[in-house]
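# Coordinate analysis (summary)
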Amino acid sequence: MQPVDQSLLLRAPGSTAVDGLHPVVAIPAKNEAERLPRLVAALAAQSWLSDCGRMLDVVLVLNNCRDESAALLAAAASRHPQLRLHIVEVDFPRPEAHAGSARRLAMETARSLVADPARSVLLTTDADGTPHPAWVDANLRSIAAGADLVGGLIVGDKAEEALLGDGFRRRARRQVAYGGLCDRLTAIIDPIPYDPWPRHHDHTGASLAVRADAYDAVGGLPALPRREDLTFVSRLRAAGYRLRHDPDVVVTVSARTFGRARGGMADCLKSWIAAEASGRPHLVEAPVRVRQRALRRSMLRRLAAAGDADEIAVLANRLALFPADLHDDGGRLLSPEALVERHAPDEPDAPATVPVDTAMAAMARLIDDITVAADAA
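All of the points below concern the structure found in this document. Everything quoted here is computed from the prediction, not taken from an experiment.

We now examine the overall build of the protein chain. Scanning the protein chain for helices and strands turns up 14 helices and ten strands. On the principal axes, the C-alpha backbone points of the protein chain span a range of 65 × 55 × 40 Å. Counting across all 377 residues of the protein chain, residues that qualify as buried make up 49%. Sequence separation of 24 or more characterises 80% of the internal contacts of the protein chain that already satisfy a separation of 6 or more. Roughly 17,400 Å² of accessible area belongs to the protein chain as shown, and the carbon and sulfur atoms make up 56% of that amount. Each charge sign in the protein chain was given a centre, from 45 positive and 49 negative side chains, and these centres are 3 Å apart.

Laid out in structure tokens, this is it:
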């Protein structure tokens, strides 16, 4: 892994003009002929293209497709001349025939189109996604303001969700509501200048944007059969790069129950439907775990900013960490991002143990208690 250029990490917010950034979109697809026209139309309607003469490069990797995706994209290219569609058809051998390989190839192909990696942004979404009209612009604004990578807010297709029944929709609404409360508590306990409130917690392949030079620094996106997107984000954060969860970056995704990636959104939706049908309770991660993780992250950031060895030692002791846990191989204190990634990372598989209504009420009380205490101080 190449060392991180600290001058990039300390770049002043807003020092890079949006107009000077070059976006390239990278998308993996497998047998998505039904949904690709909507995706391409959404990309063609991006507000970023409103400036006369602009064209948006879009790489689509057709992974082991057996449908009419290629023909449909060829037709779409003629209907949307403001897009430069780069269509890559590939048949991966069976062990490599998964979304991770396809997204890696799409990102690498997009990277090959970039002349100046310091002024270029690689964006990716899913083939069943519909980026909102300001998707490109909003991503570029966050990058220009100092973020190194941007996670977009993922919302379900309301019409498709309605077809899954009232029980599913109720579960989905409560899940989103509890997630929002968790985000709010975390933002209060662990405020981050480059990821301020309002923010969310999504940073999946359905909407990611990354500076091309940051992409290079971590060796690109890994071709993993599962969670290639989360692993990629983890590597960037561990290298000290800054992640922004921008609520203005939005992609609508399908509510289908037969997806392309094992362990993806479709599998999650199927599990919710099955839980509703069998009457199983809707459980979520315990509020106390969410609070503890946020407190630990806040303390790790304080440690990274500590002014002397004694303060670092006190904080490390409270965190039950040894000096070797705090430094890189060269003996330098890790960045706040790297410390958090190493010692308080995301937990996508955190155990769900508390009924959602109970958890929401407890989380709301925690937020109120902290807010009241802050106002009284």
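Of all the positions in helix α3 (residues 69–79), only S69, L73 and A76 are classed as buried. Viewed along the axis of α3, the buried residues span an arc of 60°, placing them on a single side of the element. Where α3 is buried, its residues meet α2 (36–44), β2 (56–63) and β3 (83–90).

Secondary-structure assignment places D128 in the loop between β4 (120–124) and β5 (129–131). We classify D128 as buried; its relative accessible area is 10%. Separated by 216 residues in the primary sequence, D128 and A344 place their C-alpha atoms 32 Å from one another. One polar contact links D128 to S254, side chain to side chain, over a distance of 2.5 Å.

The side chains of a regular strand alternate, residue by residue, between the two faces of the sheet. With seven of its eight residues buried, strand β1 (residues 22–29) lies for the most part within the structure. Where β1 meets β4, five bridges bridge the pair, whose relative direction is parallel. Along β4, the bridge assignment pairs V24 with L122. This β-α-β element, β1 to α2 to β2, shows right-handed connectivity.

Once that is clear, we can look at the sheet that holds strand β8 (residues 243–253). What holds strands together in a sheet is hydrogen bonding between their backbones, with the strands either parallel or antiparallel. The eight strands are arranged β3-β2-β1-β4-β7-β6-β8-β5 in an open sheet whose pairing can be described as mixed. Edge positions in the open sheet fall to β3 and β5, since each of these has one partner strand only. Taken pair by pair, the neighbouring strands of this sheet meet at an average axis angle of 25°, ignoring direction. Running at roughly 15° to β5, α2 makes contact with β1, β2, β3 and β5 of the sheet. Sheet strands touched by α3: β2 and β3. Its angle to β3, the strand with the most contacts, is close to 165°.

Let us now look at the side chain of T186. Here T186 lies in helix α7 (residues 166–189). Accessibility expressed as a relative area gives 15% for T186, which makes it buried. At a separation of 2.8 Å, a polar atom in the side chain of T186 contacts the main-chain carbonyl oxygen of C182. The residues contacting T186, other than those within four sequence positions of it, are P191, R199, V290 and A294.

A word on the nonpolar core. Side chains of a nonpolar character, in soluble globular proteins, are inclined to be buried together. In terms of nonpolar packing, the biggest core is built from 37 residues, with I27, L36, L56, V58, L60, L83 and W135 touching the most fellow members. The leading source of residues in this core is helix α5 (residues 135–144), at six residues. Every residue in contact with V58, bar those within four places of it in the chain, is listed here: V25, I27, L43, L83, R84, L85 and H86. Among the nonpolar cores identified, the runner-up in size contains 26 residues, and A26, V59, L122 and V233 belong to it.

Parameters at a glance
- Residues numbered from 1 in each chain as written.
- Predicted model: local features only at pLDDT ≥ 70, side-chain atom pairs only at ≥ 80, totals over all residues.
- Heavy atoms only, no water.
- Helix = DSSP H or I, 4+ residues; strand = E, 2+ residues; numbered from the N terminus.
- Buried < 20%, exposed > 50% of the residue type's maximum accessible area, 1.4 Å probe, protein only.
- Contact = heavy atoms within 4.5 Å.
- Areas by Shrake-Rupley, 256 points an atom, 1.4 Å probe, with all protein chains shown as cover.
- Lys, Arg positive; Asp, Glu negative; His and termini not counted.
- Charge placed at Lys NZ, Arg CZ, Asp CG, Glu CD.
- Arc of directions from axis to C-beta.
- Polar contact = N/O pair within 3.5 Å; in protein donor to acceptor, adjacent residues only side chain to side chain.
- Pairing = 2+ DSSP bridges.
- Right-handed = clockwise from strand over helix to strand, strands pointing away.
- Axes fitted to C-alpha atoms, helices over the stretch in contact; angles between N-to-C directions.
- Core = buried A, V, L, I, M, F, W, Y, C linked by side-chain atoms within 4.5 Å.

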